[in-house]
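Descriptive analysis of the structure
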Amino acid sequence: MTKEVNVETFKTLFEKELQDVRRYKRNEVSIEAKVRILGVDKKKMIDEGTAQVKNVSLKGAFLGEFKLGKNSFPAKPFLIEVKMSGKTYSGINAVCRPVRFGKADDFGIGVEFDELWVETK
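So, here is what we can say about the structure in this document. The shown structure was predicted, so the numbers you read here are calculated from the model rather than taken from an experiment.

What follows concerns the nonpolar core. Judged by nonpolar contacts, the single largest core of 22 residues is most densely connected at V53, L63, F66, I80 and V82. Of all the elements, strand 1 (residues 27-38) adds the most residues to this core, at five residues. Those residues in contact with L63, other than ones at most four positions away along the chain, are Q52, V53, I80, V82, G108, I109 and V111.

In structure tokens, the structure reads:
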């Protein structure tokens, strides 16, 4: 006998299972950040703007609510430079590699940190 499970319940169960097997725990945050879209050689700036850091782990982050000058992303590989702001996160910077693109109605990009540093005053 099969028991029906609605989509939201399944989604919640599936996300919990994923969280349990992730190597690095994700922490939900809401951090404003300046972003620059760079070529993979880190020399050419393609675009710039802002984004929200939605969650963060030791390995990467999930970025959303992008506001870019060109309102688009390159079709070829690219990197994202992130400069976090706010009282707690100001000075934390990263160069990230996109590893996952979110869905259209809540678009975001999962990134893995290639470089991570803190600017001190």
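With respect to the helices, strands and loops of the structure, E81 is situated in strand 4 (residues 79-84). Judged by its relative accessible area of 11%, E81 is buried. Separated by 2.8 Å, the side chains of E81 and R36 make a polar contact. For E81, the residues in contact, after removing those within four places along its chain, are K34, V35, R36, L38, A94, V95 and W117.

Moving on to the pairing of strand 4. For strand 4, the buried fraction is high: five of the six residues fall into the buried class. By the bridge criterion, six bridges tie strand 1 to strand 4 in an arrangement that is antiparallel. Bridge pairing in strand 4 links L38 to L79. Pairing analysis gives four bridges linking strand 4 to strand 5 (residues 92-101), with the strands arranged antiparallel. Residue pairing for strand 5: K83 is matched across the bridge by N93.

The next thing to look at is the sheet that holds strand 2 (residues 45-56). The six strands are arranged 1-2-3-6-5-4 in a closed barrel whose pairing can be described as antiparallel. Taking the axes of each pair of neighbouring strands and ignoring which way they run, one obtains an average angle of 45 degrees across the sheet. Note that strand 3 (residues 60-68) and strand 6 (residues 108-118) share five bridges and pair antiparallel. Counted as the bridge partner of L63 is I109 from strand 6.

Here is what the cut-offs are and how they apply
- Residues numbered from 1 in each chain as written.
- Predicted model: local features only at pLDDT ≥ 70, side-chain atom pairs only at ≥ 80, totals over all residues.
- Heavy atoms only, no water.
- Core = buried A, V, L, I, M, F, W, Y, C linked by side-chain atoms within 4.5 Å.
- Buried < 20%, exposed > 50% of the residue type's maximum accessible area, 1.4 Å probe, protein only.
- Helix = DSSP H or I, 4+ residues; strand = E, 2+ residues; numbered from the N terminus.
- Contact = heavy atoms within 4.5 Å.
- Polar contact = N/O pair within 3.5 Å; in protein donor to acceptor, adjacent residues only side chain to side chain.
- Pairing = 2+ DSSP bridges.
- Axes fitted to C-alpha atoms, helices over the stretch in contact; angles between N-to-C directions.

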